[in-house]
Structures are given as C-alpha cells and as structure tokens.
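# Summary of the model geometry
As a plain string of letters, each chain reads:
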Amino acid sequence: MSLTLVIGNKNYSSWSLRAWLVMELSGATYDELQIPLYTPDSRARLRQHSPTGKVPVLKTPEGVIWDSLAIAEYMAENYSQAGLWPSDAAARAMARSLCAEMHSGFSALRNHLPMDLKRRQRLATIPAEAENDIKRICFLWAECRERFGAEGPFLFGRASIADAFYAPVATRLRSYSVSLASDADGYVDAIYAWPAFQRWYEEALKEKEVIS
C-alpha cells in the first residue's frame, strides 16, 4: 500500500505529530512530505495535497484523508495487527472518548500554550481557562492509568492512538514548565522516553524556522 503523510513543522505542528505517531505505531511503510507552515507559499503548496489547506493529510490508494482522527481510524482498520486501539472493549471505548475530547476540546490550552518543542520557559501566569483544561487532562490521564495502565507506562499500558493524541499536550506541559502531580509528570516522562517521539523531537530541534 502506497501511503504519504503530509505534515508541517515538527517543532510547532501538534496535529502533524499526532498523525505521525499513529503512522509509526502502525508499522506501515510510508513516505513523509513536510511543508513548512506560515511562509508566503505555504497555502499554495498545502492546497496541492490538502482540500482544506491544512495538515496532516494522508494520501492513500483510496484517496486523501485530511483529518487526524480519520487518519488514525484508517490506520487502525488497515493495520489491525498493530493494535492501535486497546483490545479490551471498555478500554477501547474510553480511548476513543479521550481522542474525541482532545480533537474537539481544550481550546484554551491550545491558544495560551501553543506547541513549541524548543521552548523551556514558564509562563508568568497561566489563564484560568487553560488551568481548567490542564486539570481535566491530568484527571483523564490518572483515570486511564489507574483503570487500564498496569501493563506499561502509557495511558492504556502499551502505546496507542490515545497516547499519540495526548503527546502534544505532554510537550506543552514540559515546554512551559507546568507544575504537575507525580503521576502526570511520570506520564510526560513516558512520552519523552517513547522512541518514536524521540525521533520526532530530535528532528524538531534541528529545524531553523521560527513561527512567532
């Protein structure tokens, strides 16, 4: 199967990171096409591949998939042997719920703590609405780890689509030096120790583009 994943800057593009980690989890062979964002020709270049002019986009033999959650579901269906969702029905339902909430929510966190993997600086003040997002996310992490995380350091034990979707949140909490309880901090450590994430992170640190 011929697959091409179109992504943006690795330092900044949280949605690209989610789809990329899903691709890595699947074990699929795929090509990667990176288009830097917010340059004069970004929009035109993205439009050559994406109907929305946004990333990520997965180009497949059946057509283009232009949504990160749809990409995850496509890969889970076509690479079922990789176990991208938890095998337990209750865990799988919760994992899908977490991803749906991530996909549509936490706008305050996104707006006030945008992904920047090179950053290491605490915000003077985190707005209350962003603090509420962080509290909700840490609650979800703790619940998943307590109920389903006995077999490993990830939300459902072994790495899954849910971890791919919350990895960018983990980077925000680390980049902005957010104080966390030990269990949440341990999960952030697990994301940063994830070999797939480490490969992305190392490449992000080499990027020269700066988006202000």
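Below, the structure is looked at part by part. None of the values given here were measured: they were computed from a predicted structure. (Residues numbered from 1 in each chain as written. Predicted model: local features only at pLDDT ≥ 70, side-chain atom pairs only at ≥ 80, totals over all residues. Heavy atoms only, no water.)

### Side note on the overall build of the protein
- What the protein contains, in helices and strands, is nine helices and four strands.
- When the elements of the protein are put in sequence order from the N terminus, they spell out β-α-β-α-β-β-α-α-α-α-α-α-α.
- Here the protein has a C-alpha radius of gyration of 17 Å; the compact-globule value for 212 residues is 17 Å, and the two agree.
- Each principal axis of the C-alpha atoms in the protein carries an extent, and together these give about 45 × 40 × 25 Å.
- Burial analysis of the protein (212 residues in total) assigns 51% to the buried set.
- The contacts of the protein with a sequence gap of at least 6 include a subset with a gap of at least 24, amounting to 70%.
- For the protein, the exposed surface amounts to about 10000 Å²; the carbon and sulfur share of it is 50%.
- Put simply, the protein has 24 plus and 25 minus side-chain charges, and the middle of one group is 4 Å from the middle of the other. (Helix = DSSP H or I, 4+ residues; strand = E, 2+ residues; numbered from the N terminus. Rg over C-alpha atoms; globule rule 2.2 N^0.38 Å. Buried < 20%, exposed > 50% of the residue type's maximum accessible area, 1.4 Å probe, protein only. Contact = heavy atoms within 4.5 Å. Areas by Shrake-Rupley, 256 points an atom, 1.4 Å probe, with all protein chains shown as cover. Lys, Arg positive; Asp, Glu negative; His and termini not counted. Charge placed at Lys NZ, Arg CZ, Asp CG, Glu CD.)

### Concerning unusual backbone geometry
- Cis geometry marks the peptide bond from Val55 to Pro56, where omega comes out at 0°.
- Along the chain, the position of Pro56 falls in the loop between helix H2 (42-47) and strand S3 (57-60).
- Backbone geometry places Tyr38, a non-glycine residue, at a positive phi of 60°.
- Note that Tyr38 resides in the loop between strand S2 (31-34) and H2.
- Residue class for Tyr38 comes out exposed when judged on its relative accessible area of 71%.
- Of note, the phi angle at Ser177 is positive, near 50°, even though the residue is not glycine.
- With respect to the helices, strands and loops of the structure, Ser177 is situated in the loop between helix H7 (161-175) and helix H8 (182-193).
- Under the relative-accessibility criterion, Ser177 is labelled partly exposed at 27%.

### Quick look at the side chain of Ser68
- Mapping Ser68 onto the fold places it in helix H3 (residues 68-78).
- In this view, Ser68 contacts Trp15, Pro56, His103 and Phe165; residues no more than four positions away in its chain are not counted.

### A few points about the packing of H7 against H8
- The interhelical angle for the contact between H7 and H8, taken along N-to-C directions, is 110°, at an axis separation of 9 Å. The orientation of H7 with respect to H8, classified from their angle, is roughly perpendicular. For the element pair H7 and H8, the recorded crossing hand is left-handed. On H8, the residues touching Asp163, Tyr166, Ala167, Ala170, Thr171, Arg174 and Ser175 of H7 are Asp185, Tyr187, Val188, Asp189, Ile191 and Tyr192.
- Residues that form the contact of H7 with H8 fall into these classes: seven nonpolar, two polar and four charged. (Axes fitted to C-alpha atoms, helices over the stretch in contact; angles between N-to-C directions. Parallel < 35°, antiparallel > 145°, perpendicular 65-115°, else oblique. Left-handed = near helix turned anticlockwise from the far one by under 90°. Nonpolar A, V, L, I, M, F, W, Y, C, P; charged D, E, K, R; others polar.)

### What about the environment of Arg136?
- Relative to the assigned elements, Arg136 resides in helix H6 (residues 128-148).
- Looking at Arg136, the relative accessible area reads 35%, which means it is partly exposed.
- When residues no more than four places from it in sequence are discounted, the contact partners of Arg136 are Glu101 and Phe106.

### Digging into the pattern of salt bridges
- Under the definition given, this model contains seven salt bridges.
- The closest approach of N and O atoms between Arg96 and Glu73, which form a salt bridge, is 3.1 Å. Of this pair, Arg96 sits in helix H4 (residues 89-104) while Glu73 sits in helix H3, and the two are 23 residues apart along the sequence.
- Classification of Arg96 by relative accessible area gives partly exposed; the value is 35%.
- You can call Glu73 partly exposed: its relative accessible area is 23%.
- Salt bridges linked by common partners bring Lys10, Glu32 and Glu203 together as one network. (Salt bridge = Lys/Arg side-chain N within 4 Å of Asp/Glu carboxyl O.)

### Observations regarding the sheet that holds strand S1 (residues 4-7)
- Read from one edge to the other, the open sheet built from four strands follows the order S2-S1-S3-S4, with strand pairing classed as mixed. Every other strand in the sheet has two partners, leaving S2 and strand S4 (63-65) as the edge strands with one partner each. With direction set aside, neighbouring strand axes in the sheet form an average angle of 20°.
- Strands S1, S2 and S3 of the sheet are contacted by helix H1 (residues 14-26), whose axis makes an angle of about 155° with S1. (Pairing = 2+ DSSP bridges.)

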